[in-house]
Amino acid sequence: MKDKIIYSASTIGFLMIAAAMIVPLVQGPYSPDQWFKYVYAAGAVIMLICSLLTPYKGKDLKLKRLYRIQSWSAIMFCAATFFLFWPDATLRDWIAFTLAGAVIRAYSNFAIVARQRKLASGDNR
């Protein structure tokens, strides 16, 4: 039950980041409404907390590595949050960190599912 709640919270955090990414691209980076920064920051913090609360507890080293890589995506989102609030940063700075975090997250999600299927089928290579 706890894992489902944490997984749902992580998904909500990721959706908050995605929604906050769309706002400056639609409104423009110099819009007077800067509320999207706080939505993005909240999503990044939620994802970081969820990744810290769900470490891999199994014995498979490849899965453990993939879960660690997945945690790095939350760290990338937090770094993007820093650039979002830093006054000298440009739009491309925080978008670059966000895209890097999204790529890491996508790779690790697909690789974790593939590895879990492989282990379930009995192939431990």
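Residues numbered from 1 in each chain as written. Predicted model: local features only at pLDDT ≥ 70, side-chain atom pairs only at ≥ 80, totals over all residues. Heavy atoms only, no water.

**Points about the pattern of salt bridges**
Taken as a whole and judged by the stated rule, the model has one salt bridge. With its nearest N and O atoms 2.9 Å apart, the salt bridge here joins Arg115 to Asp60. On the criterion of sequence distance, the pair formed by Arg115 in helix 4 (residues 91-120) and Asp60 in the loop between helix 2 (35-53) and helix 3 (61-85) is long-range, its members being 55 residues apart. A single burial state applies to Arg115 and to Asp60, both of which are buried. (Salt bridge = Lys/Arg side-chain N within 4 Å of Asp/Glu carboxyl O. Helix = DSSP H or I, 4+ residues; strand = E, 2+ residues; numbered from the N terminus. Buried < 20%, exposed > 50% of the residue type's maximum accessible area, 1.4 Å probe, protein only.)

**Digging into a nonpolar patch on the surface**
Together, Ile22, Leu25 and Val26 make up a nonpolar patch on the protein surface, roughly 320 Å² of accessible area in all. Looking at the element boundaries, Ile22 is found in helix 1 (residues 2-27). (Patch = residues over 30% accessible without salt bridge, like charges linked within 9 Å, V, L, I, M, F, W, Y side chains within 5 Å. Areas by Shrake-Rupley, 256 points an atom, 1.4 Å probe, with all protein chains shown as cover.)

**Overview of the packing of aromatic side chains**
Inspection of every chain in the model, using the stated rule, returns nine aromatic pairs. Between the aromatic rings of Phe82 and Phe83, the centroid separation amounts to 5.2 Å while the plane-to-plane angle is 70°, which identifies the pairing as edge-to-face. Taking the relative accessible area as the measure of exposure, Phe82 reaches 48% and is therefore partly exposed. Taken together, Phe82, Phe83, Trp86 and Phe97 form an aromatic cluster joined through their ring pairs. (Phe/Tyr/Trp six-rings, centres within 6.5 Å; stacked < 30°, edge-to-face > 60°.)

**Things to note about the side chain of Ser73**
Within the element layout of this structure, Ser73 appears in helix 3. Classification of Ser73 by relative accessible area gives buried; the value is 0%. Separated by 2.7 Å, the side chain of Ser73 and the backbone oxygen of Gln70 make a polar contact. (Polar contact = N/O pair within 3.5 Å; in protein donor to acceptor, adjacent residues only side chain to side chain.)

**So, the nonpolar core**
Most often, soluble globular proteins keep nonpolar side chains buried together rather than apart. Membership of the largest hydrophobic core comes to 16 residues, with the highest contact counts inside it found for Ile17, Met21, Phe36, Tyr40, Phe77 and Trp94. Those elements that place two or more of their residues in this core are helix 1, helix 2, helix 3 and helix 4. Sorting elements by how many residues they give to this core places helix 3 first, with five residues. (Core = buried A, V, L, I, M, F, W, Y, C linked by side-chain atoms within 4.5 Å.)

**So, the side chain of Thr81**
Position of Thr81 relative to the elements: it lies in helix 3. With a relative accessible area of 13%, Thr81 lands in the buried category. Setting aside anything within four residues of it in sequence, one finds Thr81 in contact with Tyr40, Ala41 and Ala44. (Contact = heavy atoms within 4.5 Å.)

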